[in-house]
Each structure stands twice: as C-alpha cells, then as structure tokens.
Amino acid sequence: MEFEALKAALAATPHNVPLLVIVGKMHEDRFELAEARACFDRVLAVEPGHADAHLGIARLLDLSGESSEATVRLESLCDRQPNFAPAWLLRSRIALDEGDAAAARAFYDTAVDLDRSLADDELLQSILKAGGNKRIAMTSTGASHEETEDDDDFPFDGLDAVAARDLSIEFRVKADMKFDDVGGMEKVKDDIRMKIIHPLKNAALFAAYGKKAGGGVLLYGPPGCGKTLMARATAGEIDAAFFSVGLHQVLDMYIGESEQKLHKIFELARKAAPAVLFFDETDALAADRRDMRQSAGRNLINQFLSELDGAQANNDGLLILGATNAPWHLDGAFLRPGRFDRIIFVPPPDAGARAEIAKIHAKGKPLVDFDPADLAKRTEGFSGADMRAVFEQATEAALGEAMRKGSLVPVSGKMLAKAAKDVKPSTRMWFESAKNHALYANQSGFYDDVLVHLGLKK
Ligand SMILES: Nc1ncnc2c1ncn2[C@@H]1O[C@H](COP(=O)(O)OP(=O)(O)OP(=O)(O)O)[C@@H](O)[C@H]1O
Ligand SMILES: [Mg+2]
C-alpha cells in the first residue's frame, strides 16, 4: 500500500488524526505544501493542541520562506509543550539559518537533553562552525556556568559531543524517560520499585526499621536487553538526583587521575542526596580482565570499594546502581554485603515485552499491516536492540522501494517479518557463557535467576 492507498483510506476516514498526520507529512516530502497544510489544518480542527500538526505547519512556513512566522508558532508551541523536543530542534535549525548560532546551540541542547535520539551531528557541527560553541551546563548546585569548547580539540561527535562535556565528572541526567517508555519487563520494574524507589521515597520509614535507603544495586544480563534504558527510566521515576557515569570514560580520559575523579563523582552525588549514582559498564572494575586498557587498575578498584563502604564519608541516601553484561568479570569484593548486595537479572524480553517494544519502535513511523503480537512470535530470543535492528532493516527496505517508485512507501508487516528472519538473535551467546558460570561458579546463588530462566532451576 502506498500514497494513493493511504489517501483513499483517508477519504474513507476523513477525521483520522494519525492518518492525517502521515499523509500531511507525505505531501510535505513531495513538496506539495498546500496539500500538506490542508492536512495539518484538518488535524488542528479535530485536536487544536496537536503538537505534530503545529510542528508540521511551522516546517511548511519555514520551507516557504516565512521563517519568522514559523518561529512565532514554534515559540508558542514550546511555551505550551516545553517537553516536545522536535519543536526545539526545528527552532535550532531556524535560528542557525538566521545566523544566531548561540540561540541555535541553546535550542539544540534543549532538544537533545529532552530526547537524545534527536542528536544530529551534522547540525551540531554547523552550529559549532557558526560559533555556537558555548554550552550552558547545569552543575549539581543548580548554578549555571559556561564552558567554552575548542573546535580543534573535539574528540566526540553528535550525542557524545553534548553529553561527554558533562559526563565524566558531573553528568546529571534529565529525567527524560519513564517506565512506560520501556516495553514489558514488569518483573524488573517491580524489583527496581522495591529495591530503589520505595527505599528512597520512604527513607524515614526504612530508618524506623533500622534500614538505610541506599547501598548498591547491580543490574546484569545479556547485551541489548535494556539495562542502560532501565537505568535512565529509573531516573524518570524518582524525585532523587540521578548521575550517570560511564566507567570507561573515567578510565580513558583521566589515566592516573581516575581515583581522584571517582572520589569527586561520589562527593558530588553525596551532596545531592537523596541521589542515584549510576555506573554503566561496571565490569570495567575488574582486575582480571585481559583487556587491561579497558579495565581499572587495583588502585581504582580499592578506591571504588572504599567509596562504596562510605569509609571516609556518609553514604546515607546515596544509591549506587551498576549495570554490566559481564558480571563474571566483576571483582568478588564488590558483591559483599553493604556493596552491590542487591542483584537484578535483566532477561531478554518475553513475547509480551517484545510486542510492547515493537510498539515503541513503531511510534511515528508510517506502517501498514503492523501486528505487534505476530512480530513478537517471529522474534523468539531477540533482545530489545535486536528488535530495533528489525525495524531499521524493514525501514531500509521501505526506503529502497520508495526510491525505486519515487514515492513514499510505508513499512509493511511483511517487511518486518522478512527483517525478523534476517536479524539473528544476539542473546544466545551470552547465555552460553552465563550458563557455565551459573553452573560452576554460582556463589551464594548469584546466578539463580539465570538458571531459572534457562529452565535449569525452579
Ligand atoms: N524493553 C525495551 N523497550 C524498548 N526498547 C528497548 C528495550 N530493551 C532494549 N531496547 C532497545 O535496545 C537498545 C539497547 O538497550 P540498552 O542499551 O538498554 O541495553 P543494555 O542492556 O544496556 O546493553 P549492554 O549490555 O550492551 O550495555 C535501546 O536503546 C532500545 O532502543
Ligand atoms: Mg548498556
């Protein structure tokens, strides 16, 4: 089914808002601006506040050279719906076109802070070239300070360019996601509620039972199954400050200074307590890894342990969240009581979760004959990242066909099914390794959940 068919469907259901948005965008892509405008106007007649329709009209205005009118619309859209990231991104483009690089940078940062998937390296580079090289960064004290970047000394691109600047020392995550944005995984969410959210929310109650809010929780499981995603969503579910640190970054960037930096990171988080301090790729804290460039030295490990113990400082209200797909690399000392003593297994999504994940990845795409449950059936053993790959492949197929035909072709259920056949599930390998560890090195039941998942234990 293609454009004509979608138009026919629209004729049959003239007030179908999602369809109007898709057809409007298709008109826009073919530079049929008047038709596109008519579609968006019809959306607004049904739903006056519809953000995508307002955004579409702003794009059309910009395309036809009426950028100041586009800006007026966008300003009021951003006032009403400040969390609608694409509007900020379009403002950034327009500001750049108008030669206001500083504003373009500020709008760009706002957009990407709200939705990291909007990171656009090309746009960012253009902004930097035009002189928009100041990022106003929020520090943990809430004060803002300016940082100037040196174009020649620019080791990151895109998303990383923006994130890395704040990352290794002070990387306070904006709560841009919630559990609803993570498909399925109800058990993991419940675990996180019990082990992280309730203790932080009810600190006084926990104290009455002699329990402190805080301590360490480790998420582990196969790659691409949502550990990092889950941690970000946790940030959105709590009122506490959330700091995220990629350990490899600490290591790579500050060889020799790592211990000091780590201490500063902990201090920053303690000051902000109640706070969650998230260490992704915790397996970097492994002494016995062959890949030493990517792993911490003994000194850093000892530093981390003493920070965890709160040896020189008070860790009240500080929750340490770790994530790893190679828990067997982790130094056993980390798993002792008072350290990472609560362990959460993040398994691959089951069929229900895969259907939910499919719906999340389908959002905003022109789709026909899309049956999430059917796709879930075809993707046994797939991780969330594998699911995303299926959508990417199917989208490429649709694009290829669109280019051949010279018109827009929606992604079909058939294309998704074909992509599901081509993408190979990536979690099997992980379970091969995990099984050995679970069977032969299952100290204090660490891997029990893995064994249950494999049906080797009840
Ligand atoms: N439950 C889910 N719902 C929606 N998307 C998901 C889900 N799980 C994974 N994904 C998709 O897969 C991508 C990879 O997930 P994520 O980075 O969280 O995996 P991970 O467990 O941290 O993997 P790694 O061990 O490799 O770091 C996500 O960015 C997201 O697009
Ligand atoms: Mg991860």
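Quick look at the structure, then.

Cut-off values and rules
- Residues numbered from 1 in each chain as written.
- Chains lettered and ligands numbered in written order.
- Predicted model: local features only at pLDDT ≥ 70, side-chain atom pairs only at ≥ 80, totals over all residues.
- Heavy atoms only, no water.
- Helix = DSSP H or I, 4+ residues; strand = E, 2+ residues; numbered from the N terminus.
- Buried < 20%, exposed > 50% of the residue type's maximum accessible area, 1.4 Å probe, protein only.
- Contact = heavy atoms within 4.5 Å.
- Areas by Shrake-Rupley, 256 points an atom, 1.4 Å probe, with all protein chains shown as cover.
- Near = heavy atom within 4 Å.
- Polar contact = N/O pair within 3.5 Å; in protein donor to acceptor, adjacent residues only side chain to side chain.
- Nonpolar A, V, L, I, M, F, W, Y, C, P; charged D, E, K, R; others polar.
- Domains from an automatic or database assignment.
- Pairing = 2+ DSSP bridges.
- Core = buried A, V, L, I, M, F, W, Y, C linked by side-chain atoms within 4.5 Å.
- Expected span 1.5 Å × (residues − 1).
- Salt bridge = Lys/Arg side-chain N within 4 Å of Asp/Glu carboxyl O.
- Axes fitted to C-alpha atoms, helices over the stretch in contact; angles between N-to-C directions.
- Parallel < 35°, antiparallel > 145°, perpendicular 65-115°, else oblique.
- Left-handed = near helix turned anticlockwise from the far one by under 90°.
- Patch = residues over 30% accessible without salt bridge, like charges linked within 9 Å, V, L, I, M, F, W, Y side chains within 5 Å.

Here's the deal with the overall build of the chain
Moving on, step 1. The helix and strand tally for the chain stands at 21 helices and 9 strands.
Moving on, step 2. Scored against the burial criterion, the 458 residues of the chain give a buried share of 49%.
Moving on, step 3. A separation of at least 24 residues holds for 67% of the contacts in the chain among residues at least 6 apart in sequence.
Moving on, step 4. About 22100 Å² of surface is accessible on the chain, with carbon and sulfur atoms providing 51% of the total.

A look at the site of ligand 1
Moving on, step 1. If you check the shell around ligand 1, you find 17 residues, and the closest are Gly 224, Lys 227, Thr 228, Leu 229 and Asn 325.
Moving on, step 2. Contacts to ligand 1 include Gly 224, whose backbone N or O atom sits 2.7 Å from an oxygen atom.
Moving on, step 3. Summarising the interface, the protein chains cover 81% of the accessible area of ligand 1, which totals 630 Å² for the free molecule.
Moving on, step 4. Secondary-structure elements contributing two or more residues to the shell around ligand 1 are helix 12 (227–237), helix 16 (351–362) and helix 18 (384–405).
Moving on, step 5. For the shell around ligand 1, the class distribution of residues is 8 nonpolar, 7 polar and 2 charged.
Moving on, step 6. Shared between two domains, the shell around ligand 1 holds at least three residues of each, these being domain 2 (179–343) and domain 3 (351–422).

As for the pairing of strand 3 (residues 215–220)
Moving on, step 1. Burial of strand 3 is extensive: 5 of the 6 residues sit out of reach of the surface.
Moving on, step 2. Where strand 3 and strand 7 (residues 340–345) come together, 5 bridges link them in parallel fashion. Bridge assignment links Leu 219 to a residue of strand 7, and that residue is Ile 344.

Focus on the nonpolar core
Moving on, step 1. Counting 46 residues, the largest nonpolar core has Val 23, Leu 55, Leu 74, Leu 77, Ala 87 and Tyr 108 as its most contacted members.
Moving on, step 2. If you list the elements that add at least two residues to this core, you get helix 1 (3–12), helix 2 (17–29), helix 3 (33–46), helix 4 (51–63), helix 5 (67–80), helix 6 (85–97), helix 7 (101–114) and helix 8 (121–129).
Moving on, step 3. Counting residues per element, this core draws most heavily on helix 6, at 8 residues.
Moving on, step 4. For Leu 55, the residues in contact, after removing those within four places along its chain, are Leu 74, Leu 77, Phe 84, Pro 86, Ala 87 and Leu 90.

A closer look at helix 7
Moving on, step 1. For helix 7, built from 14 residues, the straight-helix expectation of 20 Å at 1.5 Å per residue is met to within 8% by its first-to-last C-alpha distance of 20 Å.
Moving on, step 2. With respect to burial, helix 7 is a largely interior element, 10 of its 14 residues being buried.
Moving on, step 3. Considered for burial, the residues of helix 7 that qualify are Ala 101, Ala 103, Ala 104, Arg 105, Phe 107, Tyr 108, Asp 109, Ala 111, Val 112 and Leu 114.

Observations concerning the side chain of Ser 383
Moving on, step 1. Relative to the helices and strands, Ser 383 resides in the loop between helix 17 (372–377) and helix 18.
Moving on, step 2. At 3.3 Å, the side chain of Ser 383 forms a polar contact with the backbone nitrogen of Ala 385.
Moving on, step 3. Leaving out residues up to four positions away in the same chain, Ser 383 has contacts with Pro 223, Gly 224, Cys 225, Pro 349, Ser 426 and Thr 427.

Things to note about the pattern of salt bridges
Moving on, step 1. Counted according to the given criterion, the structure contains 22 salt bridges.
Moving on, step 2. In this structure, Asp 41 engages Arg 37 in a salt bridge whose closest nitrogen and oxygen atoms are separated by 3.2 Å. Taken together, the residues span about one helical turn, with Asp 41 and Arg 37 both in helix 3 at a distance of 4 residues.
Moving on, step 3. For the salt bridge of Asp 341 with Arg 342, the shortest nitrogen-to-oxygen distance reads 3.7 Å.
Moving on, step 4. Judged by relative accessible area, which is 38%, Asp 341 ranks as partly exposed.
Moving on, step 5. Taken together, the shared-partner salt bridges in this structure form one network comprising Glu 267, Arg 270 and Glu 307.

Observations regarding the packing of helix 10 (residues 186–201) against helix 12
Moving on, step 1. At their nearest, the axes of helix 10 and helix 12 sit 11 Å apart, and the two run at 55° to each other. Taken as axis vectors, helix 10 and helix 12 run oblique relative to one another. Where helix 10 crosses over helix 12, the two elements pack in a sense that is right-handed. Here Val 188, Lys 189, Ile 192, Ile 196 and Ile 197 of helix 10 come into contact with helix 12, specifically with Met 230, Thr 234 and Glu 237.
Moving on, step 2. Looking at the contact of helix 10 with helix 12 residue by residue, the classes come out as 5 nonpolar, 1 polar and 2 charged.

Quick look at the sheet that holds strand 4 (residues 241–246)
Moving on, step 1. Here 5 strands make up an open sheet; going across it, the order is 4-5-6-3-7 and the pairing parallel. Unpaired on one side and paired on the other, strand 4 and strand 7 mark the two borders of the sheet. Strand-to-strand twist in this sheet, taken as the mean axis angle between neighbours without regard to direction, amounts to 20°.
Moving on, step 2. Two elements, strand 5 (residues 275–280) and strand 6 (residues 318–324), share 5 bridges in a ladder whose sense is parallel. If you follow Val 276 over to strand 6, its bridge partner there is Leu 319.

Side note on a nonpolar patch on the surface
Moving on, step 1. Residues Leu 439, Tyr 440, Leu 454 and Leu 456 make up a contiguous nonpolar surface patch of roughly 420 Å² in combined accessible area.
Moving on, step 2. Along the chain, the position of Leu 454 falls in the segment after helix 21 (448–453).
Moving on, step 3. For Leu 454, a relative accessible area of 30% puts it in the partly exposed group.

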